[in-house]
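Overview (structure and organization)
Take a look at the letters that make up each chain.
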Amino acid sequence: MSNKALSILFDLESQERGGSPSFMSQSLSKDPQPTSDDGDGGRIPLEEWLPITESRKGNVYTATFHLFCSGLGLQVLLLPAAFAALGWVWGVIILTVGFAWKLYTVWLLVHLHEAVHGIRFSRYLRLAIASFGVKLGKLLGIFPVMYLSGGACSILVITGGKTIQQLLHIMSEDGKVPLTTLQCFVIFSCLAVVMCQFPNLNSLFGISLIGGVMAIAYSTAIWSLPLASIPHRNQHNVSYATKNTSFDTIFNAIGLIAISFRGNNLILEIQGTLPSDSKNPSKKTMWRAVVISHVFIAVCMFLVAIVVYWAYGDKIPATGGPIGNYLELYEQDYSKRAACFIHITFIINCLCSYPINLMPACDNAEMVYTTKRHKPCSVFVRMMFRVFLCLVCFFVAVGFTFLPYLAVLIGAIGLLVTFTYPCFMWISIKQPQRESMMWWFNVLVGSIGASFSVLFVVASALHLADKGLHANFFNP
């Protein structure tokens, strides 16, 4: 690693003296808190106070659970809508290329976690700062990372709350829903607040396990029900012709596939829960967990996309919109029990995904506190931070209930975290020989990712301008 990058790491204290959190400086070593023994080289005493790295007792199983829960979420339900706009050939090709691309950038991040001897990059933003410098790293990293944390939680509140309302509608005999949308948001948020009280990221492995099992459950139900009804299905009435091949429709559909590849913003954080030493670096354990989890993620994503599109074809709205809006077809074709099972498992998965997505925001809030107070958060302070952050996500969800319709527009910025930044981080930290194959490959892949992000923003904006947006502020 270059001397410039090392100087960035060790000078963060002086460059962020205005009150921003800093935890890379040796000046904090005067604090009586002992330093970490597993690879932090004594440089990051605050690591043991913060929820992401408070416990480094994880293993391949806990990392697998976290990766699966954070990597397979509600966006998988958007894939059939993307196929409805792209058709069979391009849908499969783009999904395959996107998955391979995402797996490659995960590999880059796993190997960048301990790219500097004695330092572990356990937070995405810190790696961005070390790679691009303090000002540029913050400029490029803060909004996408915080959007993928707090913004994802707000979308979970919207989606989970509306799914609760849909579940009550299905269970109702007269078709009346006893609760309003706002009341469903409150129920979901209250449950989420309780689930966010686990002390650190490693302690969430049980929640991640439940969330992963629920994701497999509803994904399996969604693709297995059409296959089980093959003898009774009339596929002659299903058309696979793409009706609209305009620029904004095609790129909006590609964007729907792109935003389904999630979790890169949590790779370094999850790897930070693993023990590491010179004989057994964390990258070995982490990569095993990545391979295991992504096998399950690939199976669920491809089966949901291919089977649901085969079953319903052009009946699926190709516009995205409310996540899983084609599930209404399941209410018509299958029993209430099947529809209730899909909705219940989906709600539980949303609840389990909430704490792990909120953890970077919790960690950042506690970092500010511990940096100023030079002591760890008490149980009460930690609880208040999490209640406050959950309330912020709740009010954003209530005020902007149309956020799912903007998934591609806003999510395109977050895609830089997945498809672009890791390539340039590798060049900056590892410094491969200029114009070597690895250098050219990362420059090319990163540049294409940035270009696609711009195209997705343009396409989504044109799509919204054409179709319109029902922006109901503070009226869920």
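In the block above lies the structure referred to throughout.
These numbers were taken from a predicted model, which means no experiment stands behind them.

Turning to the overall build of the protein, a few remarks are in order. In terms of regular secondary structure, the protein is built from 17 helices and 0 strands. Counting across all 476 residues of the protein, residues that qualify as buried make up 57%. Carbon together with sulfur atoms contributes 66% to the accessible area of the protein, which is approximately 19,800 Å² in total.

Another point: unusual backbone geometry. Of note in the backbone geometry, H374 takes a positive phi value of approximately 55 degrees without being a glycine. Position of H374 among the secondary structure elements: in the loop between α13 (336–373) and α14 (379–399). Exposure remark for H374: the relative accessible area of 36% places this residue in the partly exposed category. Unusually for a residue other than glycine, E435 sits at a positive phi of about 65 degrees. Assessed through its relative accessible area of 54%, E435 is described here as exposed.

Looking now at the packing of aromatic side chains. Applying the stated criterion to the full structure yields 24 aromatic pairs. Judged by centre distance (5.4 Å) and plane angle (65 degrees), the ring pair of F394 and F395 falls under edge-to-face. Plain terms: the ring middles of F400 and F402 are 6.0 Å apart, the flat faces sit at 75 degrees to each other, and that makes the pair edge-to-face. Grouped by ring-pair contacts, the aromatic residues F99, W101, F261, F302 and F419 constitute a single cluster.

Inspection of the secondary structure assignment puts T370 in helix α13. Once residues lying within four places of it in the same chain are set aside, the contact partners of T370 are L46, W49, L50, K375, P376 and C377.

This next bit is on the packing of helix α8 (residues 205–228) against α13. With their axes 8 Å apart at the nearest point, α8 and α13 run at an angle of 150 degrees to one another. In terms of axis orientation, α8 runs roughly antiparallel to α13. For α8 against α13, the interelement crossing comes out left-handed. Contacts from I207, S208, I210, G211, M214, A215, A217, Y218, A221, I222 and L225 in α8 reach A338, F341, I342, T345, F346, I348, N349, C352, P355 and I356 in α13. Considering only residue class, the contact of α8 with α13 consists of 17 nonpolar, 4 polar and no charged.

So, on to the nonpolar core. Of all hydrophobic cores here, the largest spans 127 residues; its most connected members are M286, Y354 and L358. The biggest single contributor to this core is helix α4 (residues 79–112), with 17 residues. Apart from the residues within four sequence positions on either side, M286 is in contact with A63, L67, V110, I267, I270, Q271 and L274.

In terms of burial, helix α5 (residues 124–132) is a largely internal element, 8 of the 9 residues being buried. Restricting attention to buried positions, one finds in α5 the residues Y124, L125, R126, L127, A128, I129, A130 and S131. Of the residues one or two after α5, G133 is the one with positive phi, at around 95 degrees.

This part is about α8. The terminal C-alpha atoms of α8 lie 33 Å apart, and with 24 residues this matches the ideal 34 Å at 1.5 Å per residue to within 8%. Those residues of α8 lying buried are I207, S208, G211, G212, M214, A215, A217, Y218, S219, A221, I222 and P226.

This part covers the packing of α4 against helix α9 (residues 247–259). For the pair α4 and α9, the least separation of the axes is 9 Å and the interaxial angle reads 80 degrees. If you check the angle between α4 and α9, you find them roughly perpendicular. Contacts between α4 and α9 involve L79, A81, A82, A85, L86, G91, I94 and L95 from the former and T249, I250, A253, I254, L256 and I257 from the latter. Here the contact of α4 with α9 is built from residues that sort into 12 nonpolar, 2 polar and no charged.

Within the secondary structure, S208 is located in helix α8. Along the chain, S208 and T62 lie 146 residues apart, while their C-alpha atoms are 8.3 Å from each other. Residues contacting S208, with those up to four places away along its chain left out, are F65, H66, C69 and I356.

Inspection of every chain in the model, using the stated rule, returns 7 salt bridges. Between E366 and R386 there is a salt bridge, with its nearest N and O atoms 3.5 Å apart. Taken together, the residues span a long stretch of sequence, with E366 in helix α13 and R386 in helix α14 at a distance of 20 residues. Across this residue pair, the class does not change: E366 and R386 are buried. Taken together, the shared-partner salt bridges in this structure form one network comprising E47, R56, R123 and D363.

With that settled, consider the state of the cysteines. For the structure shown, the criterion picks out 0 disulfides. A disulfide-free cysteine, C196 has its sulfur positioned 4.0 Å from the sulfur of C390, the nearest such atom. Taking relative accessible area as the criterion, C196 reaches 5% and is therefore assigned buried.

Moving on: the environment of C69. Mapped onto the elements, C69 comes out in helix α3 (residues 60–71). Not counting residues up to four positions away in its chain, the partners in contact with C69 are S208, G211, G212, R262, C352 and S353.

Quick notes on the rules
Residues numbered from 1 in each chain as written. Predicted model: local features only at pLDDT ≥ 70, side-chain atom pairs only at ≥ 80, totals over all residues. Heavy atoms only, no water. Helix = DSSP H or I, 4+ residues; strand = E, 2+ residues; numbered from the N terminus. Buried < 20%, exposed > 50% of the residue type's maximum accessible area, 1.4 Å probe, protein only. Areas by Shrake-Rupley, 256 points an atom, 1.4 Å probe, with all protein chains shown as cover. Phe/Tyr/Trp six-rings, centres within 6.5 Å; stacked < 30°, edge-to-face > 60°. Contact = heavy atoms within 4.5 Å. Axes fitted to C-alpha atoms, helices over the stretch in contact; angles between N-to-C directions. Parallel < 35°, antiparallel > 145°, perpendicular 65-115°, else oblique. Left-handed = near helix turned anticlockwise from the far one by under 90°. Nonpolar A, V, L, I, M, F, W, Y, C, P; charged D, E, K, R; others polar. Core = buried A, V, L, I, M, F, W, Y, C linked by side-chain atoms within 4.5 Å. Expected span 1.5 Å × (residues − 1). Salt bridge = Lys/Arg side-chain N within 4 Å of Asp/Glu carboxyl O. Disulfide = S-S within 2.5 Å.

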